[in-house]
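# Overview (structure and organization)
Here's the letter readout for the chains.
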Amino acid sequence: MKKAYNAGALHPTSKVYTPDTATTLIGFGASAISAYNEGYTQNSPDTGSYYAAINEGRLPTIKGLKLSEEDQLRRGIIEHIMCYKSLDLSSLNADQFEAELTKLKTLEEDGLISIRDQKMGIESNAVQATRLAAAAFDAYLAPSQQKHAQVA
């Protein structure tokens, strides 16, 4: 795992980080999430419905999301932040991610991240802020009225 981390080869799954480069993760069981290059699917969380579908020879999938190219780009950014607690901001199109960069600037002003030489890093005393930095790039996450309450 350390070798994969040092080589920049970690990838998050829904529960763990792995050096496995598989692009498809099949979730088994009620409520399980499957991930593909193109998107995600989720099995029924209701065990009765889940097993009924299996017994009838049907997939127990109840919903799915097809990712656009932008979604896939954002997923890569979020995965990198989650795995490495950092991001090379020079690799981003500043016009495309203006709002996200503004959110990061707020986190920097609050002392949760640092931005130096176009590199964003999570402060060692604020690793809980990793999800906040990643969330800045989540286009589907609704803005909250609370200010970093989950980090406190």
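Our structure's up above, just so we're on the same page.
To start, this report covers the structure provided alongside it.

Before going further, it helps to examine the nonpolar core. Counting residues in each nonpolar core, the largest one holds 20 residues, and the members touching the most others are Ile81, Leu87, Leu104, Met120, Ala133 and Phe137. At the level of secondary structure, the elements contributing two or more residues to this core comprise α3 (69-84), α4 (98-109), β8 (119-122) and α5 (130-135). Once you skip the residues sitting within four places of it in the chain, alanine 133 turns out to touch Ile81, Leu104, Leu107, Ile113, Met120 and Ile122.

Evaluation of the coordinates by the stated rule reveals 2 aromatic pairs. Consider the rings of tyrosine 50 and tyrosine 51, whose centres lie 5.1 Å apart with planes at 85°: the pair is edge-to-face. Residue classification places tyrosine 50 among the buried residues on the basis of a relative accessible area of 8%.

Another aspect to go through is the pairing of β8. Direction of pairing for strand β6 (residues 86-88) relative to β8: antiparallel, over a ladder of 3 bridges. Paired with aspartate 88 across the bridge in β8 is lysine 119. Judged from the 4 bridges that link them, strand β7 (residues 113-116) and β8 form a sheet pairing that is antiparallel. Across the sheet, the residue bridging to isoleucine 113 is isoleucine 122, located in β8. Here β7 hands over to β8 after 2 residues, with aspartate 117 in that stretch at a positive phi of 50°.

Each value, and the rule that gives it
- Residues numbered from 1 in each chain as written.
- Predicted model: local features only at pLDDT ≥ 70, side-chain atom pairs only at ≥ 80, totals over all residues.
- Heavy atoms only, no water.
- Core = buried A, V, L, I, M, F, W, Y, C linked by side-chain atoms within 4.5 Å.
- Buried < 20%, exposed > 50% of the residue type's maximum accessible area, 1.4 Å probe, protein only.
- Helix = DSSP H or I, 4+ residues; strand = E, 2+ residues; numbered from the N terminus.
- Contact = heavy atoms within 4.5 Å.
- Phe/Tyr/Trp six-rings, centres within 6.5 Å; stacked < 30°, edge-to-face > 60°.
- Pairing = 2+ DSSP bridges.

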